[in-house]
Amino acid sequence: SEASPDVLQAFLLYYTKPFSGVVLTAFLQEWSKDRLLRTACLYHTLRGRDPAGVPLAISALGDPDHEARALATGALGRLSKGEAGHRDALVRALQDPWPAVRIAALRGFADNAALAEPATSDGLALLQDGHPQVRAEAILRFTRRPHRDAEGPLAVLAGGDSSAWHQSLAIEALAALAVL
């Protein structure tokens, strides 16, 4: 769908002026019916690492649009300081039906030290995900943040039933474990 001139003007205002969390929340409540605007604001929040966007990211985790949910998950993963509610929201995102959302959650846990540990069991479950990219991202999560609990499942992936791509990633993750 094409955005109306009013929506584009509102986004331009958002994009060029920093907002406090309260103003941002009010802004999004008014314009939240427009998918393009929601997605653009989430992208800007993620790209700019704007902490005022955390309430936007949290509210967008329930968005019907999977692209908006993936951007919201990525933004929350990058901006969180490890608050329990943020961890819980990202753990729920690991169960999202869309692979891009699960991948964004895995990256949030892998790239944000404040969020890494609580998601170990959830990350282990995604080593068996039906989507090959999600499975690869789960392996990479344990390459970036090695954890002893991953050793057995990674050894199975490295052993032969997986694709050559997953096998090589699993071997790399096992090598990262060797330095612990």
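This text follows the structure it describes.
Residues numbered from 1 in each chain as written. Predicted model: local features only at pLDDT ≥ 70, side-chain atom pairs only at ≥ 80, totals over all residues. Heavy atoms only, no water.

Focus: helix 11 (residues 164-178)
With 15 residues, helix 11 ought to run about 21 Å at 1.5 Å a step, and its terminal C-alpha atoms sit 21 Å apart, in line with that. Those residues of helix 11 lying buried are His-166, Leu-169, Ala-170, Ala-173, Ala-176 and Leu-177. All buried residues of helix 11 lie within an arc of 110° about the axis, which places them on one face of the element. Helix 11 presents Ala-164 and Ala-178 as exposed residues on the side facing more than 90 degrees away from its buried surface. (Helix = DSSP H or I, 4+ residues; strand = E, 2+ residues; numbered from the N terminus. Expected span 1.5 Å × (residues − 1). Buried < 20%, exposed > 50% of the residue type's maximum accessible area, 1.4 Å probe, protein only. Arc of directions from axis to C-beta.)

Some details on the nonpolar core
Membership of the largest hydrophobic core comes to 41 residues, with the highest contact counts inside it found for Leu-42, Leu-76, Leu-127, Ile-139 and Leu-154. Looking at this core, the elements with two or more residues in it are helix 3 (35-48), helix 4 (54-60), helix 5 (66-79), helix 6 (84-93), helix 7 (99-111), helix 9 (132-144), helix 10 (151-159) and helix 11. Broken down by element, this core gets its largest block of residues, seven residues, from helix 5. Here Leu-127 is in contact with Arg-135, Ala-138, Ile-139, Phe-142, Pro-153, Leu-154 and Leu-157, once residues within four sequence places are set aside. (Core = buried A, V, L, I, M, F, W, Y, C linked by side-chain atoms within 4.5 Å. Contact = heavy atoms within 4.5 Å.)

By themselves, these are just geometric observations and shouldn't be taken as functional.
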